[in-house]
Amino acid sequence: MKTRRQDVSEDALTISRQSSTSIDRRENSEAIPTDLIFEILLKLPAKSIARCRCVSKLWSSILLRPDFTELFLTRSSTLPQLLFSFEKTGELFFFTAPQIQNPDENSSLVSPSYHMKVPFDRTSQICGHIRGLLCLTHLRVLKGRKETVPMICNPSTGQALPLPKVKTRRVKVRSFLVYDPIEKQFKVLSMTWPCYGNGEKNCEEYQILTLGTQTLSWRMIDCCLPHHPAHDGICIDGCLYYQAMVGPLSGISTIVCFDVRSEKFSFVKKARGMVLYGQSALVNYEGRLGAIQSDELHGIITGQTRSLELWVLVDAEKHEWSRHVYALPPMWKNVVAEAELNIVGRTSTNEIVLSRHYSSVLSMFSTTIPRGTQS
């Protein structure tokens, strides 16, 4: 009778098959190259990758290697997906849909795929998304007490990880998910401020948490200029950008730049004539910070909107911006009708993505910015 066992070498990432018989103890070993193992696993979808981590310690070690993760994300970027979230009855639902590469040639309807849901109430916030991960605040009940804590989730795999509660006595917390491409580290930046009196106060505490460490814990960092984060941010090439107010009730707004690796703050002045509303969106424009806004009052986009403005940061140290203007086509009024839209972001194919301001229907609008359009 022939018995078979499998020996593995985690360092060389090879799988060897050894067979033995009662007559002789000859061994036959066949090694599978690392590159071939990677190619096999890279053909799996994200949810299957998550399940494969439970097969064995070897499989888990392969799938958790930084070089495998980097290669998987690089391959996935060739087939980009749009991520949707939809809130209903205290829960947030996540969907994805393929990003149309040639919108002028393909205008058919696309059916989104459902991935997961998480608890979400009126106090919860989405705190950023990058490289397939998403951070949001999550309301949980611990020992009979309700508390809001950050949570990291991966909609593609359906996994979620609650993070430690921010150590503070302040009432309000604002968090951002950031990524350092050099050290390949995810971090969460949180700011806290009191909630009393009139108006929004400057943040009094700035804390950082590094993911992937053995012990997840918050630590204090310094900020050179106290401010109050006003809107969502975006992480580009290791820098987090977000709009902020530099003084309570001052009405003076600026753009904050947080270097993820050095954990230092700096500030970028807006260009003359650059007015950013709450409905304006910070986007990644070909590796640079961009800001998209409407010509409408308060920034909401409607059927009456005639053009969109795109400001691109040319030099952060010199506070230098370039201005681009895109005139919407005549049919825009018929397409949008009575809807009120918010700017969601920009895709790699140079499309601006918009969604309804208030709606019980999951819907999306998009328009393409011609390259080189500039005032």
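Look a little higher up for the structure.
Residues numbered from 1 in each chain as written. Predicted model: local features only at pLDDT ≥ 70, side-chain atom pairs only at ≥ 80, totals over all residues. Heavy atoms only, no water.

Caption draft 1: Up close: the overall build of the protein chain. Within the protein chain one finds five helices and 24 strands. Counting all 375 residues of the protein chain, 42% fall into the buried class. With an accessible surface of roughly 21800 Å², the protein chain has 51% of that area assigned to carbon and sulfur atoms. (Helix = DSSP H or I, 4+ residues; strand = E, 2+ residues; numbered from the N terminus. Buried < 20%, exposed > 50% of the residue type's maximum accessible area, 1.4 Å probe, protein only. Areas by Shrake-Rupley, 256 points an atom, 1.4 Å probe, with all protein chains shown as cover.)

Caption draft 2: Inspection of the sheet that holds strand β19 (residues 288–294) at higher detail. On the basis of which strands lie adjacent, the open sheet formed by four strands has the order β18-β19-β20-β21 and antiparallel pairing. Looking at the sheet topology across the chains shown, the edges are occupied by β18 (281–285) and β21 (320–327). Along the sheet, successive strands turn relative to each other by an average axial angle of 30°, direction set aside. Judged from the five bridges that link them, β18 and β19 form a sheet pairing that is antiparallel. From the neighbouring strand, Leu282 faces β19, where its bridge partner is Ala291. (Pairing = 2+ DSSP bridges. Axes fitted to C-alpha atoms, helices over the stretch in contact; angles between N-to-C directions.)

Caption draft 3: Spotlight on the packing of aromatic side chains. Applying the stated rule across the entire model yields six aromatic pairs. Geometrically, the ring pair formed by Phe93 and Tyr114 is tilted, given 6.2 Å between the ring centres and 50° between the ring planes. Of this pair, Phe93 sits in strand β4 (residues 91–98) while Tyr114 sits in strand β5 (residues 113–119); the two residues are 21 residues apart in sequence, bridging distant segments of the chain. Under the relative-accessibility criterion, Tyr114 is labelled partly exposed at 43%. (Phe/Tyr/Trp six-rings, centres within 6.5 Å; stacked < 30°, edge-to-face > 60°.)

Caption draft 4: Representation of the pairing of strand β20 (residues 307–315) within the structure. Counted residue by residue, β20 has seven buried out of nine residues, so it is predominantly covered. With five bridges joining them, β19 and β20 adopt antiparallel strand pairing. Looking at β20, one finds that Ala291 is bridged to Trp311. Between the antiparallel neighbours β20 and β21 lie four residues, among them His319 with a positive phi of about 55°.

Caption draft 5: Representation of the pattern of salt bridges. Inspection of every chain in the model, using the stated rule, returns six salt bridges. The closest approach of N and O atoms between Asp232 and Arg174, which form a salt bridge, is 2.8 Å. Taken as a pair, Asp232 in strand β14 (residues 228–236) and Arg174 in strand β10 (residues 172–180) lie far apart in primary sequence, 58 residues in all. Between Glu309 and Arg323 there is a salt bridge, with the nearest N and O atoms lying 2.8 Å from each other. Residue Glu309 is found in strand β20, and its partner Arg323 is found in strand β21; the two are separated by 14 residues along the sequence. Sharing partners across several salt bridges, the network here consists of Lys187, Arg219 and Glu263. (Salt bridge = Lys/Arg side-chain N within 4 Å of Asp/Glu carboxyl O.)

Caption draft 6: Structural detail: the sheet that holds β5. Pairing is antiparallel in the open sheet, where three strands are placed in the order β3-β4-β5. Edge positions in the sheet fall to β3 (81–88) and β5, since each of these pairs with one other strand and no more. Neighbouring strand axes in the sheet, compared pairwise and without regard to direction, differ in orientation by 25° on average.

Caption draft 7: The side chain of His227, seen in detail. Inspection of the secondary structure puts His227 in the loop between β13 (219–221) and β14. From its side chain, His227 meets the backbone oxygen of Leu225 in a polar contact 3.0 Å long. The contact partners of His227, leaving out residues within four places of it in the chain, are Met191, Asn202, Cys203, Tyr206, Tyr242, Ala244, Met245, Val246, Val256, Phe265 and Phe267. (Polar contact = N/O pair within 3.5 Å; in protein donor to acceptor, adjacent residues only side chain to side chain. Contact = heavy atoms within 4.5 Å.)

Caption draft 8: Structural detail: unusual backbone geometry. A positive phi angle, near 50°, is found at Arg131, a position not held by glycine. With respect to the helices, strands and loops of the structure, Arg131 is situated in the loop between β6 (126–130) and β7 (133–142). At Glu286, a position not held by glycine, the phi torsion is positive, near 55°. The residue Glu286 is located in the loop between β18 and β19 in this model. According to the relative accessible area criterion, Glu286 is exposed, its value standing at 51%.

Caption draft 9: Local environment of the nonpolar core. Membership of the largest hydrophobic core comes to 33 residues, with the highest contact counts inside it found for Ile152, Leu177, Leu189, Tyr242, Phe258 and Phe265. Of all the secondary structure elements, the ones that give two or more residues to this core are β6, β7, β10, β11 (185–193), β12 (205–210), β15 (239–245), β16 (253–259) and β17 (264–268). Among the nonpolar cores identified, the runner-up in size contains 17 residues, and Ile301, Trp332, Ala339 and Leu354 belong to it. (Core = buried A, V, L, I, M, F, W, Y, C linked by side-chain atoms within 4.5 Å.)

Caption draft 10: Representation of the environment of Glu320. Structurally, Glu320 is set in strand β21. It is 8.5 Å that separates the C-alpha atoms of Glu320 and Lys269, two residues lying 51 residues apart in sequence. Excluding residues within four positions of it along the chain, Glu320 makes contact with Val312, Leu313, Val314 and Asp315.

Caption draft 11: Representation of the side chain of Thr137. By the element assignment, Thr137 lies in strand β7. For Thr137, the side chain forms a polar contact with the main-chain nitrogen of Gln125, separated by 2.5 Å.

Caption draft 12: Layout of the state of the cysteines. Inspection of every chain in the model, using the stated rule, returns zero disulfides. Cys203 carries a free sulfur, and the closest cysteine sulfur to it, the one in Cys223, is 8.2 Å from it. Here Cys203 falls in the buried class, since its relative accessible area comes to 4%. Cys239 forms no disulfide, and the closest cysteine sulfur to it belongs to Cys257, at a distance of 4.1 Å. (Disulfide = S-S within 2.5 Å.)

These values are about where atoms sit, not about what they do.
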